[in-house]
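What follows is each chain in one-letter form.
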Amino acid sequence: MPDFRLEAFFASERKYNAERKIALTKESLSEIPVAFASCSIGCKPSHTLPRKLEAIAKAGFTAIELSMPDLLDFANQTKAEGGQEVGPYDFNDLCTAATEVKRLCDSHNLKVLILQPFANFEGWPEGSPEREHAFTRLRGWIRIMEAAGTDMLQVGSSDSPIQKIGTDRGRFVEDLQELADLFAEKGFRVAYENWCWSTHAPDWKDKVDRRNFGLCLDTFQSAGGEWGDPTTASGMVEDGRSPDRVKADWQASCKKLASTVPAEKIYFLQISDAYKPKSPFSKAVDGSGLRPRGRWSHDFRPLPFKGYLPTMDFAKAVLGTGFRGYFSYEIFDGGPEGKGLDYALEEFAREAMDCQKKLLGACVDS
């Protein structure tokens, strides 16, 4: 089993366990690497992937999350004149494009940290067309990962309807274990993200128990799931608990994360905040099947300190585990009304890097 890359990863991470529960000093946070999700920068068609990479690198980021929609757009922009439209299952063309993306990243000294977002994988009934399609996608994405030079795939917790995938978490876990075992043969890792509108896994608990299966934690997903709610007038969870109880439970959750999650099981931390909607969202699923928190996630996620979520609490909890890996900015800032913003790529990337410095400064123990 070619697991030498896993061995190297875990060897580099084990030292962080020794730092668990240490004080968060400026010195201990000084070398945290920073990435940017390619899908979360750019606001117009002229903001192509090569231009995004240039702006990200100039701002001082050292890695990207490569988004499949960006790769698909790039494949179509660079295909031979008169060539057919490249689709999401045209894996030969996507691998060719991924090879070129890697070359561009290398020229900017950027690492492809991860390929994302792989969605709606787990839970499909055995023998169903949906399960077959999920594994077809998976095999194609593995090829793309190899072409892009990354060893990690971000998998979002499924938000497929309960009527289609059920509620048997044991089956979900078995599917994810199968995924992890398949990746182990390649020396690859799975970074699982708890989407806060997920059908079955809206929190950060990991039940999969595979060495190469870890967490993509996210300040928005956790704070926006446990503390915030776009469907209430207060913007906080209203489930019968008092606001003070919600806040206390949130603090307890953060402390539990810091004291129980091994640093090496956190593969990276995504950073964003959220605007409090001016009017509460409808609790209904929209026409595309998206739940309220999913709609909130798509257009109302600015940089930290621009929204209202307790993002710093969560960042401190993650750092409290001893984690000193990548902070990755995934910002979907459509403005307070979610209608979109107009900005220059370089300015947007620089603002995110400035925010990173401010966020780490705020995480230092007083």
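A short tour of the structure in this document, coming up. All figures in this text were calculated on a predicted structure; none of them were measured in a lab.

1. What about the overall build of the chain?
- Along the backbone of the chain there are 12 helices and 10 strands.
- Within the chain, the fraction of its 366 residues that count as buried is 55%.
- Residue pairs in contact within the chain that sit at least 24 positions apart in sequence constitute 82% of those at least 6 positions apart.
- As presented, the chain carries roughly 15800 Å² of accessible surface, and 51% of it is formed by carbon and sulfur atoms.

2. Structural notes on unusual backbone geometry
- Cis geometry is found at the peptide bond from Q116 to P117, where omega equals -10°.
- Looking at where P117 falls in the secondary structure, it is placed in strand β3 (residues 111-118).
- Despite not being glycine, N120 shows a phi value in the positive range, around 55°.
- Residue placement: N120 occurs in the loop between β3 and α5 (129-148).

3. Some thoughts on helix α7 (residues 169-184)
- End to end, α7 covers 22 Å across 16 residues, agreeing with the expected 22 Å (1.5 Å per residue, within 8%).
- Taken together, the buried positions of α7 are occupied by F172, D175, L176, Q177, L179, A180, F183 and A184.

4. Some thoughts on the packing of aromatic side chains
- A complete count under the given rule lists 15 aromatic pairs for this structure.
- On the numbers, 5.7 Å between centres and 75° between planes, the contact of F183 with F188 is edge-to-face.
- On the numbers, 5.3 Å between centres and 65° between planes, the contact of F281 with F300 is edge-to-face. Residue F281 is located in the loop between β7 (266-271) and α10 (292-299), and its partner F300 is located in strand β8 (residues 300-301); the two are separated by 19 residues in the primary sequence. With respect to burial, F281 and F300 carry one shared label: buried.
- Residue placement shows R137 over the ring face of F118; its charged tip is 4.4 Å from the ring centre.
- One residue, R189, lies across the ring of Y267, its end atom 4.9 Å from the ring centre.

5. Points about the pairing of strand β2 (residues 63-67)
- Within β2, five of the five residues are buried, which leaves it mostly tucked inside the rest of the structure.
- Burial along β2 is two-sided: A63, E65 and S67 and I64 and L66, pointing in opposite directions, are all buried.
- For strand β1 (residues 34-37) and β2, the ladder comprises three bridges, and the chain directions are parallel. When the bridges of β2 are listed, A37 appears paired with E65.
- The parallel pair β1 and β2 is bridged by helix α2 (residues 49-58), and the resulting crossover is right-handed.

6. Considerations on the packing of helix α8 (residues 219-226) against helix α9 (residues 243-260)
- Running from N to C, α8 and α9 cross one another at 145°; their axes reach a closest spacing of 10 Å. In this structure, the crossing between α8 and α9 has a hand that is right-handed. Every residue of α9 that contacts α8 at S222, A223 and E226 is listed here: V246, W250 and S253.

7. What to know about the sheet that holds strand β5 (residues 189-193)
- Strand order around the closed barrel formed by eight strands is β1-β2-β3-β4-β5-β6-β7-β9, with parallel pairing between neighbours. For this sheet, the mean angle separating the axes of adjacent strands, direction not counted, is 30°.
- Here β1 runs beside strand β9 (residues 327-329); their pairing, made up of three bridges, is parallel. If you follow V34 over to β9, its bridge partner there is F327.

8. Side note on the pattern of salt bridges
- Scanning all chains against the criterion turns up 21 salt bridges.
- Of the charged contacts in the structure, one is a salt bridge between E100 and R103, with a shortest N-O distance of 2.6 Å. Of this pair, E100 and R103 both sit in helix α4 (residues 91-107), three residues apart, roughly one helical turn.
- Overall, the relative accessible area of 46% leaves R103 in the partly exposed class.
- Salt bridges linked by common partners bring E126, R131, D175 and E178 together as one network.

9. Details of α8
- Of all eight residues in α8, seven are buried; the element is thus mostly enclosed.
- For α8, the complete set of buried residues consists of T219, F220, Q221, S222, A223, G224 and E226.
- Its side-chain oxygen at 2.7 Å from the backbone nitrogen of F220, D218 defines the N-terminal cap of α8.

10. Examining the packing of α9 against helix α11 (residues 311-320)
- Here α9 crosses α11 at 20°, and the two axes come no closer than 7 Å. Classified by the angle their axes make, α9 and α11 are roughly parallel. Along this stretch, α9 crosses α11, giving a crossing that reads as right-handed. For the pair α9 and α11, contact is made by W250, Q251, C254, L257 and A258 and by D313, F314, A317, V318 and G320, respectively.
- Here the contact of α9 with α11 is composed, by residue class, of seven nonpolar, two polar and one charged.

What counts, and where the lines are drawn
Residues numbered from 1 in each chain as written. Predicted model: local features only at pLDDT ≥ 70, side-chain atom pairs only at ≥ 80, totals over all residues. Heavy atoms only, no water. Helix = DSSP H or I, 4+ residues; strand = E, 2+ residues; numbered from the N terminus. Buried < 20%, exposed > 50% of the residue type's maximum accessible area, 1.4 Å probe, protein only. Contact = heavy atoms within 4.5 Å. Areas by Shrake-Rupley, 256 points an atom, 1.4 Å probe, with all protein chains shown as cover. Expected span 1.5 Å × (residues − 1). Phe/Tyr/Trp six-rings, centres within 6.5 Å; stacked < 30°, edge-to-face > 60°. Lys NZ or Arg CZ within 6 Å of the ring centre and 35° of its normal. Pairing = 2+ DSSP bridges. Right-handed = clockwise from strand over helix to strand, strands pointing away. Axes fitted to C-alpha atoms, helices over the stretch in contact; angles between N-to-C directions. Left-handed = near helix turned anticlockwise from the far one by under 90°. Salt bridge = Lys/Arg side-chain N within 4 Å of Asp/Glu carboxyl O. Polar contact = N/O pair within 3.5 Å; in protein donor to acceptor, adjacent residues only side chain to side chain. Parallel < 35°, antiparallel > 145°, perpendicular 65-115°, else oblique. Nonpolar A, V, L, I, M, F, W, Y, C, P; charged D, E, K, R; others polar.

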